[in-house]
Amino acid sequence: MFNDTSSATALLATRRSGKPRDMVAPGPDEAQLGHILATAIRTPDHGKLAPWRIVVIDQDRRAAFADLLRAAYLAQKPTASAKELEAADQFAYQAPTLVVVLSAPVLGKIELWEQELSAGAVCMNLLAATHAAGFVGGWLTTWAAYSDMVRDALGGGPDDRIAGFMFIGTPSRPLDERPRPTLDSVVTRW
Ligand SMILES: Cc1cc2nc3c(=O)[nH]c(=O)nc-3n(C[C@H](O)[C@H](O)[C@H](O)COP(=O)(O)O)c2cc1C
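Residues numbered from 1 in each chain as written. Predicted model: local features only at pLDDT ≥ 70, side-chain atom pairs only at ≥ 80, totals over all residues. Heavy atoms only, no water.

**Observations regarding the packing of helix α3 (residues 62–76) against helix α4 (residues 82–93)**
Direction vectors running N to C along α3 and α4 enclose 145°, while the axes themselves pass 8 Å from each other. Regarding α3 and α4, the two cross each other, and that crossing is right-handed. Listed contacts from α4 to Arg62, Ala63, Phe65, Ala66, Leu69, Arg70, Tyr73 and Leu74 of α3 are Glu84, Leu85, Glu86, Ala88, Asp89, Phe91, Ala92 and Tyr93. Residue composition of the contact of α3 with α4, by class: 11 nonpolar, no polar and five charged. (Axes fitted to C-alpha atoms, helices over the stretch in contact; angles between N-to-C directions. Helix = DSSP H or I, 4+ residues; strand = E, 2+ residues; numbered from the N terminus. Left-handed = near helix turned anticlockwise from the far one by under 90°. Contact = heavy atoms within 4.5 Å. Nonpolar A, V, L, I, M, F, W, Y, C, P; charged D, E, K, R; others polar.)

**Some words on the UniProt feature "domain: Nitroreductase" (unreviewed entry) in the protein**
On the UniProt side, "domain: Nitroreductase" (unreviewed entry) is annotated at positions that read residues 26–169 here. Structurally, residues 26–169 comprises 45% helix and 18% strand, and the distance from its first C-alpha atom to its last is 6 Å. (UniProt positions renumbered as here; feature names shortened; annotations may be inferred.)

**Details of the pattern of salt bridges**
Inspection of the entire model under this criterion finds seven salt bridges. Here Asp152 ties to Arg151 by a salt bridge, and the two come within 3.0 Å at their closest N and O atoms. Residue Asp152 is classed as partly exposed on the basis of its relative accessible area, which comes to 40%. The exposure class assigned to Arg151 is buried, which follows from its relative accessible area of 10%. (Salt bridge = Lys/Arg side-chain N within 4 Å of Asp/Glu carboxyl O. Buried < 20%, exposed > 50% of the residue type's maximum accessible area, 1.4 Å probe, protein only.)

**Quick word on the nonpolar core**
By size, the foremost hydrophobic cluster in this structure holds 23 residues, and its most contacted members are Phe65, Leu69, Val150, Leu154, Ile162 and Phe165. It is α3 that contributes the most residues to this core, five residues altogether. Apart from residues lying up to four places away in sequence, Phe65 is in contact with Ile57, Phe91, Ala92, Leu98 and Phe165. One finds Leu37, Val99, Val101 and Met166 within the second-largest nonpolar core, a separate group that totals 17 residues. (Core = buried A, V, L, I, M, F, W, Y, C linked by side-chain atoms within 4.5 Å.)

**Overview of the packing of helix α2 (residues 30–40) against helix α5 (residues 112–132)**
In a packed pair of helices, the relevant descriptors are the angle between the two axes and the axis-to-axis distance. Packing of α2 against α5 brings their axes to within 8 Å, and their N-to-C directions diverge by 140°. As far as their axial angle goes, α5 and α2 are oblique. Helix-helix and strand crossings are classified by hand; for α2 and α5 the assignment is right-handed. Here Ile36, Leu37, Thr39 and Ala40 of α2 lie close against α5, whose contacting residues are Val122, Asn125, Leu126, Ala129 and Thr130. Across the contact of α2 with α5, the residue classes break down as six nonpolar, three polar and no charged. (Parallel < 35°, antiparallel > 145°, perpendicular 65-115°, else oblique.)

In structure tokens form, the structure reads like this:
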């Protein structure tokens, strides 16, 4: 069983992301999303800098987001085929809820790497909160996360990076397991 919400430990042990392209309604309502986001930012953060930003792209902004992705893709690849541009549309419209997490470091005393790790932790916490709320989440980057044009349009500054496009919804088909590493392959004793 995936995403067993009967206890915190069961949920963490069975957590499984969904595929954003397979996500359908319902997604979280306003109150549920607020709770998910508040949980997401309860995240370790060296120096109390809150070096991340969250941008919610509501349904009524998905067409504008699709336009942005198309423009950014064409800027990178002016010879893009219609099929490639349709993939950008598919990305923009999938899943009922879309939240973008940006790493927004405060350059200075705390290492950049640590601040970027904290942004990753926000993404992970957001996933866990999403699953705890009875939905599934999916963390994608793709080329769009590395596009300065996309980052800038979302309000990011030159030192900011897109940590993830976080899609949230209800799976339209059963989730399946993905290969996981064995403990032995990643854990050593020193
Ligand atoms: C930073 C990051 C970016 C990712 N980007 C993609 C992506 O663009 N496309 C994709 O298919 N999976 C991507 N993944 C993988 C999925 O989000 C996810 O890790 C995988 O489906 C297993 O998730 P689970 O352990 O939550 O079940 C990414 C994962 C991370 C951590």
